[in-house]
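Architecture and fold: a report
Residue-level listing of the chains:
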Amino acid sequence: MEHLTVEPRILYFGTPVALLTTENADGSTNLAPISSAWALGRTVVLGLGRTGQSAANLAERPELVVSLPSPDMWRAVEDMAMLTGRDPVPEGHPPGFRHEPDKFAASGLSPEPSADVRPPRVAGCPLQLEARAVRIHPDASGMFAIVETAVARVHAAPHIVVPGTQHIDPSAWSPLVYNFRHYFGLGPELGRSRRSETPDRAAAGV
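First, a word on what this report is: a plain description of the structure on this page.

Topic: the pattern of salt bridges
Using the criterion set out here, one finds 6 salt bridges in the structure. Among the salt bridges present, the one from arginine 118 reaches glutamate 23, with a minimum N-O distance of 2.8 Å. Residue arginine 118 is found in the loop between strand E9 (111-112) and strand E10 (121-122), and its partner glutamate 23 is found in strand E2 (residues 18-23); the two are separated by 95 residues along the sequence. Judged by relative accessible area, which is 12%, glutamate 23 ranks as buried. In this structure, the salt-bridge partner of glutamate 112 is arginine 121, at a minimum N-O distance of 4.0 Å.

If you want it as structure tokens, here you go:
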């Protein structure tokens, strides 16, 4: 296989979209779509713009919810693409950004109460993770904040849970994927890891 040496502006090589809810100083909620999140055990690491409202909120109030939308919610996510909770809009944001204090209304999404943290979950998202930020530090460039969070509670829609277990059914759950600034869902299953603990549907003839 031959390769080209390229200089892409971004490296979103297929990462799940997450909707992050945090608490503003006045008790209201900031809702923000993010495209840099990954999990290690019960730790979820977030990459946030250093000057954004989410990073500012978590530095003062560490509770948050990471809600993971399904592919059919992509338009609601995109409706927030040029909105910020900061007023005035921070320097360095691309042209066209505007302040919006109520991004739930702007996107057509709805909040629902959380169990253990103050920020609400995003209704309609099949997976919702209540968490607390435990460490925030700058990335190597100084442009972003890396937020390490500890997940306290996981909410999952019943249709994506393997019945009678605590396992998410990967054949039923499809995240919204941000692939070089385009939105995608998952395709058919290709295979399973030897470490998978969910039932082998192929072996069972399902």
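So much for the structure itself; the text now carries on.
A few points about the sheet that holds strand E14 (residues 182-184)
Strand order across the open sheet formed by 3 strands is E1-E13-E14, with antiparallel pairing between neighbours. Each edge of the open sheet is held by one strand with a lone partner, namely strand E1 (13-16) and E14. Direction aside, the axes of adjacent strands within the sheet are offset by 30 degrees on average. Bridge count for E1 against strand E13 (residues 177-179) is 3 bridges, and the pairing is antiparallel.

Criteria and thresholds
- Along each chain, numbering runs from 1 in the same order as the chain's sequence is written.
- The predicted origin of the model limits local features to residues at a pLDDT of at least 70 and limits the giving and counting of side-chain atom pairs to 80 or more, whereas totals for whole chains, interfaces and linings rest on all residues.
- With hydrogens and water set aside, each side-chain value is computed from the structure's full complement of heavy atoms.
- Any carboxyl oxygen of Asp or Glu within 4 Å of a side-chain nitrogen of Lys or Arg constitutes a salt bridge here.
- Helix numbering and strand numbering both begin at the N terminus, where a helix is a DSSP run of H or I of at least 4 residues and a strand a DSSP run of E of at least 2.
- Accessible area is worked out with a 1.4 Å probe on protein chains only. A residue is then buried under 20% of its type maximum, exposed over 50%, and partly exposed in between.
- Any two strands between which DSSP finds at least two bridges are classified as paired.
- Note on definitions: angles span 0 to 180 degrees between N-to-C directions of axes, and those axes are lines fitted to C-alpha atoms, for helices only across the stretch in contact.

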